[in-house]
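Listed below, chain by chain, are the residues.
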Amino acid sequence: MNVSSGAVSCSDYGSLPGPRGPGVLQQLRWMSRQHTFWNDHAARYGPAYRVHFPFMLGRIAVFTTPSAAKTVLRLKPSVAHAGEAYKVLEQSAGPSAVILLDEDEHLRMRKLILSPLHGDRLARWEGFCEERTLQAVESWPIGTPMRLRPITEQISLAVILKIVFGVRDPARADELSGLLPVLFDIPLGAAPGYFHRFGRIDLGPRSPWGAFRRKRDRIDELVLAEVADRRAEFARDRGDEADEAHADLLSMLLAQRDEQGRPLTDRELRDQLVTMLVAGHETTSTSTAWAIERLVRHPEVLATLKADLARGETTYLDAVIKETMRCRPVVAQIARRLTEETEIDGTRIPAGTTVIIPMAVIHRDPDVYPDPDAFRPERFLDGNDPGGYSWLPFGGGVRRCPGASLALLEMRVIIRTILERVELSPDRDEPEQQVVRGVTIVPSRGGRVVVERRLPAPARAPAGATV
Ligand code: HEM
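The notes below deal with the structure included here. (Residues numbered from 1 in each chain as written. Predicted model: local features only at pLDDT ≥ 70, side-chain atom pairs only at ≥ 80, totals over all residues. Heavy atoms only, no water.)

**Structural notes on the site of the ligand**
- Close to the ligand lie 29 residues, the nearest being Tyr86, His106, Arg110, Arg336 and Cys401.
- Separating an oxygen atom of the ligand from a side-chain N or O atom of Tyr86 is a distance of 2.6 Å.
- Elements represented by at least two residues in the shell around the ligand include exactly helix H6 (103-114), helix H14 (266-279), helix H15 (282-296), strand E6 (334-338) and helix H19 (404-421). (Near = heavy atom within 4 Å. Polar contact = N/O pair within 3.5 Å; in protein donor to acceptor, adjacent residues only side chain to side chain. Helix = DSSP H or I, 4+ residues; strand = E, 2+ residues; numbered from the N terminus.)

**Comments concerning the coordination of the iron atom of the ligand**
- Its sole protein donor being Cys401 (SG), the iron atom of the ligand sits 2.3 Å from that atom.
- Along the chain, Cys401 turns up in the loop between helix H18 (359-362) and H19. (Donors = N, O, S within 2.8 Å, 3.2 Å for Na, K, Ca; no water.)

**Comments concerning H6**
- The end-to-end C-alpha distance of H6 is 16 Å, a good match for the 16 Å that 12 residues give at a rise of 1.5 Å each.
- What H6 keeps buried is the set His106, Met109, Arg110, Leu112 and Ile113. Mapping the buried residues of H6 onto a view down its axis gives an arc of 160 degrees, with all of them on the same face. Of the exposed residues in H6, those oriented more than 90 degrees away from the buried face are Asp104 and Lys111.
- Buried residues in H6 make contact with helix H13 (249-254) and H14. (Expected span 1.5 Å × (residues − 1). Buried < 20%, exposed > 50% of the residue type's maximum accessible area, 1.4 Å probe, protein only. Arc of directions from axis to C-beta. Contact = heavy atoms within 4.5 Å.)

**Structural notes on unusual backbone geometry**
- Unlike most non-glycine residues, Leu57 shows phi in positive territory, near 75 degrees.
- By the element assignment, Leu57 lies in the loop between strand E2 (48-53) and strand E3 (58-63).
- Unusually for a residue other than glycine, Asp382 sits at a positive phi of about 50 degrees.
- Turning to its location among the elements, Asp382 is positioned in the loop between H18 and H19.

**Side note on the pattern of salt bridges**
- Overall, the coordinates contain 36 salt bridges when judged by the stated rule.
- Between Arg218 and Glu221 there is a salt bridge whose closest N-O contact spans 2.6 Å. Separated by three residues within a single helix, Arg218 and Glu221 lie in helix H12 (residues 208-237), roughly one turn from each other.
- When its relative accessible area of 30% is taken as the criterion, Arg218 is described as partly exposed.
- Accessibility expressed as a relative area gives 47% for Glu221, which makes it partly exposed.
- Asp371 serves as the salt-bridge partner of Arg376, at 3.0 Å between the closest nitrogen and oxygen. (Salt bridge = Lys/Arg side-chain N within 4 Å of Asp/Glu carboxyl O.)

Distances and angles like these do not, on their own, reveal function.
In structure tokens form, the structure reads like this:
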């Protein structure tokens, strides 16, 4: 058995409190309001409780303290399987996607996809991101409410398409961009197909699963056509990744060989590419929209940020981003399936149980974040940062989001560029509600703002060169 440190006496999973109602209702409630579900239950049952989702995960133990998060995220990869816990994503991501693998297979694939996401490689995308943001800002109407989230989504999508494919064929990239939302904004009628094969009944293009499947098949065709073109290109000129034309993920994956000298299969390539495209833009664009949603409703924070940016400083901007991701985490929880009985915060959790760490609750712990509803970036300044396992928007341990540095870079560039070029106000005073869209939590009205006026370009060198 795995044992967490610090436990004095130990209780069993069965003694954990939790709702008595049917599991189906528990799961439906979670699906409609993930963050509220975890918070309401924590308020009622305390820092450790159990729930049951019959169509997904089954028996679940929920832990809401930073110390439990630390224990769970430091468990050996052979004991805590994230791939198994995220199995519900298989219909979008594909069975060989890095997020669905565990242990050695996971480690191998993760190493491969990390190559283009290293800090020093990322700087090259900064100029492209700024350029796309400026193009978008120029077309914004003055005085008319508009939704920010679709705009930030387009910017992040353009960036991730460049990083993943390098984009040789713009028409293919455009068609792909239009189709991708079906993989994360899952139509209600197709949702049962994610949980069970009985939900995957194709009654033609107008049936929910039929429509979903056809779009997914078309995405696969487009991705595989790109893979075929690039395999041919690779065989011809063997790209050097130092050369800009081969700095994308696909070029890097094409060059990989396993111990037997075999390249990745088409299926493996498709699953990594699609996962990166989806995971790599929806979360980032939503977080960016939340940051602006929070800023326009907190004029004093906005003024401090603008003054800081005008001095060429980005410390406060980083604190604003951290505070946004604390109080509006776009992913509400992370999960691990235990392969062995494990003791967590003094409770023995049997093998086969899924352990959930809901960031949506940890980020609101008043002992760590006093007055948790207040939007206060100062919490993260001057050594106040509680750090460690209290701030987990990107998850943690060996499964920590590999795109975190890219996401933070994009958020910095997009927020700074927008604030330097336009003066924004909220379309109404009330904050936007947090609503579930697929696997992320988005602003209920899309992050609506009004452009009050345009601002003159700041006297500052543009960000790194355009790729
Ligand atoms: C604000 C933006 C983002 C947020 C909040 C976010 C959040 C997360 C979270 C919570 C996880 C699960 C971690 C765990 O279980 O411990 C994850 C995994 C992952 N994310 Fe992100 N993510 C973001 C951006 C990105 C970007 C930009 C990319 C790609 C470029 C990306 C690719 C992935 C992948 C491939 C995984 C699976 C990693 C693995 O299984 O080893 N994400 N992300």
